[in-house]
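These are the residues of each chain, in order.
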Amino acid sequence: MAKQETATIDTICNSVLSYYPEAKVDIIRKAHEFAEKNHRGQNRSSGDPYIIHPTEVAQTLAELKLDIPSVITGLLHDTVEDTSATLEQIEKDFGKDIAELVDGVTKLSKITFKTSEEKQAENFRKMILAMSKDIRVILVKLADRLNNMRTLEHLAPHKQKNIAQETLDIYAPIANRLGISWMKLELEDLCLRYLHPDAYYKLAQKVAKKKREREKHIEDVTSILEEKLKEYDIHASVAGRAKHFYSIYKKMERRSLDFDQVHDIIAFRIIVDNITECYKALGVIHATYKPVPGRFKDYIAMPKANGYQSLHTTVIGPGGERIEIQIRTQEMHQVAEAGIAAHWKYKEGKFDSRSRENVEWVHRLLEWNKDLADPNEFLETVKIDLFAEDVFVFTPTGEVKELSHGATPLDFAYAVHTDVGNRCVGAKVNGTIVPLKHHLKSGDTVEVITSPTQTPSKDWLKIAKSSRAKAKIRAFIKTQERERAKDLGKDLLEKALRPYERTLAKLDRSGDLIKAAQQLHCRTPEELYIALGYGRSLPEHALEHLIPKDELDVHKSKTAKPEEESFLKRVFASARKRSVSQNAIIVSNLEDVLIRFARCCNPVPGDNIVGFITRGRGVTVHTSTCTKGIDSDVERRVEVRWNLQEKGNIQRIVRIRVLSQDEPGLLALMSQTISACGVNIASANIRTTKDRKAIALFEVHVMDTGQLYKTMSALEAKKGVISVERVRS
């Protein structure tokens, strides 16, 4: 669906009346007046009056043919968050239904979070929860995000990248899950434009250059297909179009191709009258052109989770060019374009029965992740579900289990039951024993092999693909780690108490132990033991609340060695001075702590970061999205931030992978480009491939993400360079 002209209240009302002639649009006009009044004086980053944004959002919802409450929510969605309007006021003027929808879309602005990432993740959890109660919440949110992406050029570059990445990670996959393909495709193309601008504009230029040649090819193939289908009395409409930029870019990246080597950038769609003719048309196509083996998919017999149905095939067309063809009925086409909205009964404000099952994944997603206390972990596991393409496998009794693409026997075991997953040692697939890392395919029959002595390990997190399996494995490991930390902390405190002739049992009976725990911000003695075991607190701190001060002073005076103490004080004092001035990281509530950067994600100033206490190794710093950080127990987490005073002195090594053509002088050009950005190359590793490509891995010193992205963009703009990416591990 193409971007419309600037929306007005009249265009919104006309759009609603086009599919709902008896709609009472006066209430839509009233909502527009309410929004205009409350947003008066507010402007967007472009300088335009703010009211343009909610008006555009409402227009998109009307184009999706949603009900009147959804359209009104589009107009009011920012009033509670950004103006003095309240939910009570909205409920009074527009009813409870609309007030609940507006609340579902409104961010959690009145709660204090430790980090912006935690706030973002918790906002997303709230949205998913509201979405499970009423799917219209996410449809409004998608329309909101689409308009924000369409006007992203008015924001600062770092904000553009953050919003585009979030859109690519979350909102485009949600649009895909709901089957709204036009929105998913537009969001992906807009994300590419801001995340990889040089690649985007280079691709746009190359696609434009071949426009005339492409149109001629589409015209020729379309006429051939129409003629062949007519011969067999199949009434069909045939259309061809170039693939979207993002799908071409991903194909180039995935297969290490240059644009000129991507031959199947045109897709053809055949729309017929009924399902029988879908298969007849497929037979005609395969009789006319040679099909490419392994490229046929029947999504009619086995629809995608979002309700999408079509036959997909790839054939060798005229001139030896590959052609991708989709065959579907008119009804399937409507569902493919509008997705869940195709089944929306706008008069009744609900879905018909065919579409309800399309949102079952939302309820599954909440059920599987309801025990996750950490909002970042919730966000990470949800991303896995959003990107999932489905695989259908069978239990030995013939029951069908729906799993994500790339699923392993471990995912299947956890889909059966948590205990089966925890005890899984292997599996039989179609009667043959396979390892846990084996990838399942649709149609496989899977039998799980268990052992009563088996327990999950951290290695399983690399094998499991589904959010359910990962969540259950993490939960088991974290429970084990907490138990070990509790035992260690208890042991440390017992030893610290011995010189004072106290025991934990006595202090517990007297109530002194729980008082001390609460003074150290722990709710129970068990939480205190865990804090001690993880190193978040020290036994000396606990003693200060458990032993009278005079008794502590007497013990210290007996055990202190004046000369040694004086020497250590001098050493620590100088170390403290050095650490404050030279340390790249500031750790909240901890001083003189050893800092190390995680190799798995290699943080750079400008990255959002989080710290984890590691006993014996100080604080390990990860990026906030690093999966290894998410796998760690939240009890070990500490707030960390970059030391901005030392920004100019911080140099971090980052790895950049450049895929290019294997051409003379290109390596020298890359080196010059990196140096011109003020970046020093620590090492370079280059290898060539059989199809005349070169893969260069550079280790470079950068000051922050700004310098890194500038360098990557400069490389991406060079002729002969196919893609540039930051290597995380």
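Residues numbered from 1 in each chain as written. Predicted model: local features only at pLDDT ≥ 70, side-chain atom pairs only at ≥ 80, totals over all residues. Heavy atoms only, no water.

Participant: What should I look at first to understand helix α32 (residues 705-716) in this one?
Facilitator: Three or four residues apart is the spacing at which side chains of an α-helix point the same way, because the helix has 3.6 residues per turn. Its 12 residues give α32 an end-to-end C-alpha distance of 16 Å, which sits within 8% of 16 Å, the value for a rise of 1.5 Å per residue. Every buried residue belonging to α32 is among Thr 705, Gln 707, Leu 708, Thr 711, Met 712, Ser 713, Leu 715 and Glu 716, and all of these are buried. Structurally, α32 contributes buried residues whose contacts are with α12 (197-209), α14 (245-255), β20 (652-661), α31 (666-676), β22 (693-702) and β23 (721-727). Here α32 starts with a cap whose side-chain oxygen sits 3.2 Å from the backbone nitrogen of Gly 706, and that cap is Asp 704. (Helix = DSSP H or I, 4+ residues; strand = E, 2+ residues; numbered from the N terminus. Expected span 1.5 Å × (residues − 1). Buried < 20%, exposed > 50% of the residue type's maximum accessible area, 1.4 Å probe, protein only. Contact = heavy atoms within 4.5 Å. Polar contact = N/O pair within 3.5 Å; in protein donor to acceptor, adjacent residues only side chain to side chain.)

Participant: Explain the side chain of Thr 314 to me, please; I cannot follow it from the model alone.
Facilitator: Considering the arrangement of structural elements, one finds Thr 314 in strand β5 (residues 311-316). Given the relative accessible area of 2%, Thr 314 is considered buried. A distance of 3.4 Å separates the side chain of Thr 314 from the side chain of Arg 295, its partner in a polar contact. Residue contacts for Thr 314: discarding those within four places in its chain leaves Pro 291, Val 292, Arg 295, Arg 322, Ile 323 and Glu 324.

Participant: Hey, could you run me through the sheet that holds strand β17 (residues 618-623) in this one?
Facilitator: Within a beta sheet, neighbouring strands are joined by backbone hydrogen bonds and run either parallel or antiparallel to one another. What the 4 strands build is an open sheet, ordered β15-β17-β16-β18; its pairing is mixed. Either end of the sheet is taken by a strand with one partner, and the two such strands are β15 (595-597) and β18 (637-638). Looking at chain direction, strand β16 (residues 609-614) and β18 are connected through 2 bridges and run antiparallel. Note on β18: the bridge partner recorded for Phe 612 is Arg 637. (Pairing = 2+ DSSP bridges.)

Participant: What is the right way to look at the environment of Phe 392 in this model?
Facilitator: Mapped onto the secondary structure, Phe 392 falls in strand β9 (residues 390-394). Expressed as a C-alpha distance, the spacing of Phe 392 and Leu 403, which sit 11 residues apart in the sequence, is 6.3 Å. In contact with Phe 392, other than residues within four places in its own chain, are Met 302, Pro 303, Val 400, Lys 401, Glu 402, Lys 441, Ser 442, Gly 443 and Asp 444.

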